[in-house]
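Topology and contacts: notes
The residues making up each chain are set out below.
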Amino acid sequence: MKINFHPHWVGFFPAFFGITFLALLGGCVPSREAMAYKELPLHNRVQSSAYGALAIVEAISYEKTIGELIAIDAERVYILQGNAALAVAGQPRTLKRIKRSEIAQMDLIFARNPDGIQAIATLSYITLPSHLLYAFLTVPFNLLWIKSTTAYDRGAFRLKNISAEEAKKFARFPQGLPAGMAFEELKKAL
Amino acid sequence: MKQGLLFLVLGTALLTGCSVANGRLWSDYKKTYPNAKALYEAYPALETKVARPKATNYQPSALLPTSSPTGSPFLKAHLKTGEVLLFPGDWSLDRDRELVLGTAYQYGINRKLMGSVDSVAWKDVSLFETNRPLPTNTPFRVASTTVLLAADVALGIICFTVEKACFGSCPTFYLDDDVPNDVRTADAEGFSNALMPSMAYEDTDYLGVRSLTGGKLNLTVKNEALETHVIQGLKVAAVPVSEGQVALQGTDGQFYLSNQALPLTCANGPEGDLRAALLKKDGVERFRPTDPTNLATKETLEFEFDLPASGQPLGLTVAFRQSFVTTFLMYSAIGYLGPDYARQLARAESAENTLNPLSFQSGIGKALGGLEVEVWDAQNSQWHFVNRFHETGPIATNTQTLPLPNVVFGDRLKIRIRAAQGSWRLDQVAVHALSAPVTPYNLVAEPLPAGSEEILSTDGGARVNQPGTHYVQPFLGTVPDGPTALFLTSKGYYLEWSRQSWLGYENRSKLGQMVFSPDRYLREVAPEFKSIEAAMEEVFWSTKQYSNPLNLSHEN
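Residues numbered from 1 in each chain as written. Chains lettered and ligands numbered in written order. Predicted model: local features only at pLDDT ≥ 70, side-chain atom pairs only at ≥ 80, totals over all residues.

A few words now on the overall build of chain A. Across its full length, chain A carries six helices and six strands. Along its sequence from the N terminus, chain A presents helices and strands in the succession α-α-β-β-β-β-β-α-α-β-α-α. Looking at chain A residue by residue over its 190 residues, the buried ones come to 42%. Contacts in chain A between residues at least 24 apart in sequence constitute 64% of all its contacts with a sequence separation of at least 6. (Helix = DSSP H or I, 4+ residues; strand = E, 2+ residues; numbered from the N terminus. Buried ≥ 20, exposed ≤ 12 C-beta atoms within 10 Å, placed from the backbone. Contact = placed C-beta atoms within 7 Å.)

Now the structure itself:
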C-alpha cells in the first residue's frame, strides 16, 4: 500500500499530538496505591527482597492506609508509610499501628509485573484518533483490553482481603517485632 | 461472531477476575518455618530455584547427606535481632553443628546491607522463610497487546491513506474533475438519506455556474465509498443567468433569480461575530464543535440585514452541509445491528412502515433537527417560525433559498437560526431579493459512450455503481449558450456496506434506545463522539482517495 500523506495532514498533527500529550498527562496522575505499586520489586526479583509487601488497609476510624507491612502481632498491624522502598510522594514517614479488630479489609501486593505493557498500551491509545469513524468500535475495544490488562497487572500479585494470620509471612518481620525493642525505638531504627 | 463476542466477554471477565483471584494462587510462594527442624523436614520437597516453578526435588530425606548443596528456593533467615540473612545462592543445613551453611547477605532492621556471612547458627534464627520463583504470563500479554497495537496502527494507516474507507460518502458528482481524487471538490452529493430502496427520493443540489455551448454538459459520477449506489435517475435543471445575477434553488422546489443581495450588518453566534466566515461562499465555514454532554444541544445564531427600498419578496439563502454527526450515528446503527444488518434491512424494506432511525421526521433525526429559521415579526413583537433547512450529507455544500413570509420586519430584517451544536457547517448566510419563480431548462442524461456499458451494471434501468466506479455522464438539452446555473437532480438509494470489524458489536438495546429514546441516546453517545470529533474533522480536510476500494474491503 502506497502511503502518500496529503499536505493537509500538517493541520492534523497539532491535534494529534495534543491528544497524545493529554493521554500521557493523564497517565501521570496516579493514585497513592499506583505510586507505591511502581516501587514494588519485579516478580522475578521479589524473592531477593528483604522488605515487606505493600499493604492496603481499610479500618474503622482510619483513612485507607497504604505502606510497607512491617509486622503483625496478636493485637496490631504495623505499617510503615513514606519509607524509601514503597514511597508515596508527599507522604510523611510514619510507622502506623492499626488494631486488628478494627480492620475491615486488608489487601497485600507483594510484587509487580514489568511496565512494558503500559508502554504498548499508551502507544495504542495514541493511535485511536486516527481510526476516524471506526473509533466508535476501536475505542471501547482498546479500553476494554487495556483496562483488563492493567487490572490484571495490578491484581496479579495481590492477595485480596487476606487475614492477619495469612499476611504475617509477607511482613518485613514475619516473626513479629524484634524482641525487646520499644515501639519508639523501632520507629527510629526502621 | 456471537461466539467471538462471547469469548471476548469471557476473556475480559477472566482477566478481570484474575485481578481479584489469582493473587490467592501465589500465596504459597512464600513459606515460613519456625525452626531449622521444620525447614529440614521440608528440605527434600523444596522447589528448585533454577527449574520451572512446579519442579520439585523428590529426593528422599533419608538419602540426603548431612550437609549438601540444596539447589533450593531462595532462603531467608530472620534473626531474633530483626536483621535478616538472604541466601542468594546454594545453601545447606549442617545438622551436626546446627548451622545453615552458605553465603548470605546480611541486612539490618532498616534493611540496609550490612555485609555478608558464610553461616548462621540455628539458635540465632527466629524464623526461616523460603520463596519460590513466580510464574508470569507477561510475555503472552505483551505479545497480545502488541498485536492489538499493530492492528491499531494498521487501521490508522489505512484511515490516513484511504480516508473514505473510514468516512464513507454517498454518490458524488463533479462538474470539473480537475482535482482528481479529492472529494472536497465534489459539487453535489446524491440522496444521502436513502438507506434502502423504499427510501429512494429525488435530491436536487446546486452545482454551480458554467458556460454551456450547444446544451452539452459532462458530469463525473463516482462511488467513493464502501456502498452500493443505485441511481434511478439523473437530470440537470439549467437556469441561464446574466452578469450580476444569481439563480437560486428554493426550498419550495422552485427556482428564482436575484439581482440583489441585502447587506449583512450583523451575524452573531455564541463565539462572537460570524461575518468573516458567512459573508461569502468561499469554503471558509462557520463550525462549532459538539457539546460533550449532548449531541442534541441547540445553539442560536442571530443575523441582521438592511432592508431594500423595493418591496420584492425576500429569500434567505444558506450554504451548508452536515458535520459527521449523522454519519457517525448511521455507522453506529449498522454496528448495533451486527451480523443481522442485512436481514433487518430486508425486513424493514418489506415492512409496511419503514422506520429509519435517522429520519428527520422521527427519532434521532428529529431530535437533532435541521437549521430552524425564525424571522422577527415587528408588528407582533415576536419571533415567527418560517421553516427549516435540512439536507443529509457531510461532503458537498448545499445552497438553498428559503422564501421569507410577508410579515412586518421593522427597520431591519432580523433572522435567527437554531440548530444542534456541531451538526452543521455554514459557508454563507445571505438574503436575496427574489424574482418570480422561473422555469428551468432540462438537460437529460444521455446514454454512455460505447464500451462503458460493459464495465457498468444496471438493474431495471437503474445504474448500479459498486465502490470504485468512476465514469463521465453526458447530458444534453436545449439551452441558450452562455452562463448557466446548474442544478443536479439525482434519484435513487444506496446500501451501506457493513464491515467485518463491525459484526461483533451487535447491541439491540442501544439500537432501541436510538430509535425510541433518541434524546437519552444523544446524551449518552456524546462523549464517545467527542473523543473522535476533532480527528474526523481534521482528516476530512486532508482527503485523499483510493483507486480501488473493493480491494480495501477485503482488508477490513
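What follows covers the overall build of chain B. A tally of regular secondary structure across chain B gives twelve helices and 29 strands. For chain B, restricting intrachain contacts to residue pairs at least 6 apart in sequence, the fraction spanning at least 24 positions comes to 75%.

It is worth spelling out the nonpolar core at this point. Ranked by internal contacts, the top residues of the largest apolar core, which has 94 residues, are Val236, Ala238, Leu295, Val318, Ala333, Leu371 and Phe487 of chain B. Ignoring anything within four residues of it in the chain, the contact list for alanine 238 of chain B reads Leu212, Pro440, Tyr441, Leu443, Gly477, Val479, Thr484 and Leu486 of chain B. Counting residues in hydrophobic clusters, the runner-up holds 36 residues, among them Leu40, Ala55 and Phe110 of chain A together with Tyr29 of chain B. (Core = buried A, V, L, I, M, F, W, Y, C linked by C-beta atoms within 7 Å.)

Before going further, it helps to spend a moment on the pairing of strand S12 (residues 227-240) of chain B. Residues and elements named next belong to chain B. Sheet topology note: the S12/strand S29 (residues 482-496) ladder contains 13 bridges and is antiparallel. Within the sheet, the bridge partner assigned to valine 236 lies in S29 and is leucine 488. Direction of pairing for S12 relative to strand S27 (residues 462-465): antiparallel, over a ladder of three bridges. In the sheet register, histidine 229 faces S27, and the bridge partner there is asparagine 465. (Pairing = 2+ DSSP bridges.)

Another aspect to go through is the environment of proline 289 of chain B. Residues and elements named next belong to chain B. Considering the arrangement of structural elements, one finds proline 289 in the loop between helix H5 (275-278) and strand S18 (298-306). Counting along the chain gives 245 residues from proline 289 to alanine 534, while the straight-line C-alpha distance between them is 8.1 Å. In contact with proline 289, other than residues within four places in its own chain, are Gly422 and Glu533.

All names here are of chain A. Phi is positive for asparagine 161, which is not a glycine, with a value near 50°. Within the secondary structure, asparagine 161 is located in the loop between strand S6 (158-159) and helix H5 (164-167). With 13 C-beta atoms packed within 10 Å, asparagine 161 lands in the partly exposed category.

What follows covers the sheet that holds strand S22 (residues 398-403) of chain B. All names here are of chain B. What the four strands build is an open sheet, ordered S15-S24-S19-S22; its pairing is antiparallel. One side of each edge strand has no neighbouring strand; the edge strands of this open sheet are strand S15 (260-261) and S22. The pairing of S15 with strand S24 (residues 424-433) spans two bridges and is antiparallel. Paired with alanine 261 across the strands is histidine 432, a residue of S24.

Residues and elements named next belong to chain A. With four bridges connecting them, strand S1 (residues 54-59) and strand S2 (residues 65-72) associate as antiparallel partners. For leucine 54, the partnering residue across the bridge sits in S2 and is glutamate 68. Counted along the chain from S1 to the antiparallel partner S2, the turn is five residues long, and its residue serine 61 has a positive phi close to 60°. In terms of strand pairing, S1 meets strand S5 (residues 103-109) through six bridges, oriented antiparallel. Among the inter-strand pairings, alanine 55 is bridged to a residue of S5, identified as leucine 108.

Here we take up the sheet that holds strand S23 (residues 412-420) of chain B. All names here are of chain B. Ordered by their spatial adjacency, six strands build an open sheet running S17-S16-S18-S23-S20-S21, and the pairing between neighbours is antiparallel. Edge positions in the sheet fall to strand S17 (272-273) and strand S21 (382-389), since each of these pairs with one other strand and no more. Relative to S23, strand S20 (residues 371-377) is paired through four bridges, and the arrangement is antiparallel. Bridge pairing in S23 links valine 375 to isoleucine 415.

What follows is about the packing of helix H6 (residues 325-337) of chain B against helix H10 (residues 508-516) of chain B. Residue and element names in this part refer to chain B. As a packed pair, H6 and H10 sit with axes 8 Å apart at the nearest point and diverge in direction by 140°. As the angle between them shows, H6 and H10 are arranged oblique. Relative to H10, H6 is oriented so that their crossing is left-handed. Residues Ala333, Tyr336 and Leu337 of H6 touch H10, and the partners they reach there are Arg508, Lys510, Leu511 and Met514. Of the residues belonging to the contact of H6 with H10, the class tally is five nonpolar, no polar and two charged. (Axes fitted to C-alpha atoms, helices over the stretch in contact; angles between N-to-C directions. Parallel < 35°, antiparallel > 145°, perpendicular 65-115°, else oblique. Left-handed = near helix turned anticlockwise from the far one by under 90°. Nonpolar A, V, L, I, M, F, W, Y, C, P; charged D, E, K, R; others polar.)

All names here are of chain B. By secondary structure assignment, the location of leucine 522 is in helix H11 (residues 518-540). Assessed through the 25 C-beta atoms surrounding it within 10 Å, leucine 522 is described here as buried. Sequence separation between leucine 522 and leucine 368 is 154 residues, and the spatial gap between their C-alpha atoms is 8.6 Å.

Bringing the environment of threonine 317 of chain B into the picture now. All names here are of chain B. Secondary-structure assignment places threonine 317 in strand S19 (residues 314-322). By C-beta crowding, threonine 317 is classed as buried, having 24 other C-beta atoms within 10 Å. Considered as a pair, threonine 317 and threonine 401 are 84 residues apart in the sequence and their alpha carbons are 4.1 Å apart. Setting aside residues up to four positions removed in sequence, threonine 317 forms contacts with Leu248, Thr399, Thr401, Ala430 and His432.

Let us now look at H6 of chain B. Because each turn of an α-helix spans 3.6 residues, side chains separated by three or four positions in sequence point in the same direction. All names here are of chain B. For H6, spanning 13 residues, the distance from its first C-alpha to its last is 19 Å, which sits close to the expected 18 Å at 1.5 Å a residue. Burial runs high along H6: 13 of the 13 residues are buried. Phi for glycine 338, located one or two positions after H6, is positive at around 55°. (Expected span 1.5 Å × (residues − 1).)

So, about the confidence of the model for chain B. Residues and elements named next belong to chain B. Scored by pLDDT, chain B comes out at a mean of 79, with 77% of its residues at no less than 70. The weakest mean pLDDT in chain B belongs to helix H12 (residues 549-555) at 29; the strongest belongs to S20 at 95. When the criterion is pLDDT under 50, residues 47-71 qualifies, and its contacts beyond four places in sequence or with other chains add up to 45 contacts. Residue range residues 542-556 is modelled with pLDDT below 50. Its contacts to residues more than four positions away, or to other chains, number 40 contacts. (pLDDT = per-residue confidence, 0-100.)

All right, on to the confidence of the model for chain A then. Residues and elements named next belong to chain A. Per-residue confidence for chain A gives a mean pLDDT of 76, with 76% of residues at or over 70. Contacts of residues 1-14 to residues separated by more than four positions or lying in other chains number 17 contacts, the stretch itself having pLDDT below 50. Ignoring residues within four places in sequence, the model shows residues 23-29, a span with pLDDT below 50, making five contacts including any to other chains.

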